[in-house]
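Now for the letters of each chain:
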Amino acid sequence: MASLDEQVLCLSKSGYYPAWSKYLSTAAGLVLVAGGIWRIVGQGPSGFGKIYPYLFVGLGLLYFSRSEKRIYLSQSGIVKETKTLMSSSREVLPWNRVAHITLATRRKQFMAFFERYGEIKGLRVLFDRDQEQTVRKIISQMCPKTEVNTIQQ
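Residues numbered from 1 in each chain as written. Predicted model: local features only at pLDDT ≥ 70, side-chain atom pairs only at ≥ 80, totals over all residues. Heavy atoms only, no water.

### Some words on the overall build of the protein
The secondary structure content of the protein amounts to three helices and eight strands. Ordering the α and β elements of the protein from the N terminus gives β-α-α-β-β-β-β-β-β-α-β. Taking 153 residues into account, the globule formula puts the C-alpha radius of gyration at 15 Å, and the protein, at 21 Å, lies well above it. Based on the C-alpha atoms only, the size of the protein along its principal axes is roughly 70 × 35 × 30 Å. (Helix = DSSP H or I, 4+ residues; strand = E, 2+ residues; numbered from the N terminus. Rg over C-alpha atoms; globule rule 2.2 N^0.38 Å.)

Below you can see the structure in the form of structure tokens.
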């Protein structure tokens, strides 16, 4: 999903779904869709009210199992990529648009909130605690004049 010339400086753990949850949702989705189809073609009870939970929930689980999301820091800025069965999107917050950065640490997690110039919303990115020094180094290189606040818990 990333362009070939773009280097991932630090990959976030935000947006990742564990592999077991994707496998479980795929298996449950297939079972539910098969049950819905069986109710349509089989001799059992039919009707929209009987197949609705099976087909739509099963298709929703299959859709979820094929979705991917990743957030990472790159030379161009903070990149948020989302890919599903039907679409894909890529949002980049350039380093020169970052107005303020708040870093918070808690237990084994480290969170960075990047505020945008002229906007209320920002981008919240979750990292592992051992990535803190790497993220701080990237921030100091990419946007040295940006104010950085740190919250310790």
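### Comments concerning the pattern of salt bridges
Pairs can form between side chains of opposite charge once their charged atoms are near each other. Following the criterion strictly, the structure yields five salt bridges and no others. Its salt-bridge partner being Glu-81, residue Arg-70 comes within 3.1 Å of it at the nearest N-O pair. Linking Arg-70 in strand β2 (residues 68-74) with Glu-81 in strand β3 (residues 77-83), this pair joins segments that are eleven residues apart in sequence. Glu-81 gets classed as buried once you look at its relative accessible area, which sits at 1%. Residues Glu-132 and Arg-129 are paired through a salt bridge, measuring 3.4 Å at the closest nitrogen-oxygen approach. According to the relative accessible area criterion, Arg-129 is partly exposed, its value standing at 34%. (Salt bridge = Lys/Arg side-chain N within 4 Å of Asp/Glu carboxyl O. Buried < 20%, exposed > 50% of the residue type's maximum accessible area, 1.4 Å probe, protein only.)

### What about the packing of aromatic side chains?
Across all of its chains, the model carries three aromatic pairs by this definition. Where Trp-95 meets Phe-114, the ring centres are 6.1 Å apart and the plane angle is 75°; that geometry is what we call edge-to-face. Taken together, the residues Trp-95 in the loop between β4 (88-94) and β5 (98-106) and Phe-114 in strand β6 (residues 109-116) connect sequence positions 19 residues apart. Neither Trp-95 nor Phe-114 differs from the other in exposure class; each is buried. Seen from their ring centres, Phe-110 and Phe-127 are 6.0 Å apart, and the 40° between their planes marks the pair as tilted. Of this pair, Phe-110 sits in strand β6 while Phe-127 is found in strand β7 (residues 122-128), placing the two residues 17 residues apart along the sequence. Since its relative accessible area comes to 0%, Phe-127 is described here as buried. (Phe/Tyr/Trp six-rings, centres within 6.5 Å; stacked < 30°, edge-to-face > 60°.)

### Quick look at a nonpolar patch on the surface
A grouping of Val-8, Leu-11 and Tyr-16 is seen on the molecular surface, where their side chains present a nonpolar patch of about 230 Å² in accessible area. With respect to the secondary-structure elements, Leu-11 resides in strand β1 (residues 8-11). (Patch = residues over 30% accessible without salt bridge, like charges linked within 9 Å, V, L, I, M, F, W, Y side chains within 5 Å. Areas by Shrake-Rupley, 256 points an atom, 1.4 Å probe, with all protein chains shown as cover.)

### What about the sheet that holds β3?
The four strands lie next to each other as β1-β2-β3-β4, forming an open sheet whose pairing is antiparallel. Both outer strands of the open sheet, β1 and β4, are each paired with one neighbouring strand and no more. Shown here is a sheet whose adjacent strand axes are inclined to one another by a mean of 25°, direction ignored. Judged from the three bridges that link them, β1 and β2 form a sheet pairing that is antiparallel. Of the residues in β2, the one forming a bridge with Val-8 is Ser-74. (Pairing = 2+ DSSP bridges. Axes fitted to C-alpha atoms, helices over the stretch in contact; angles between N-to-C directions.)

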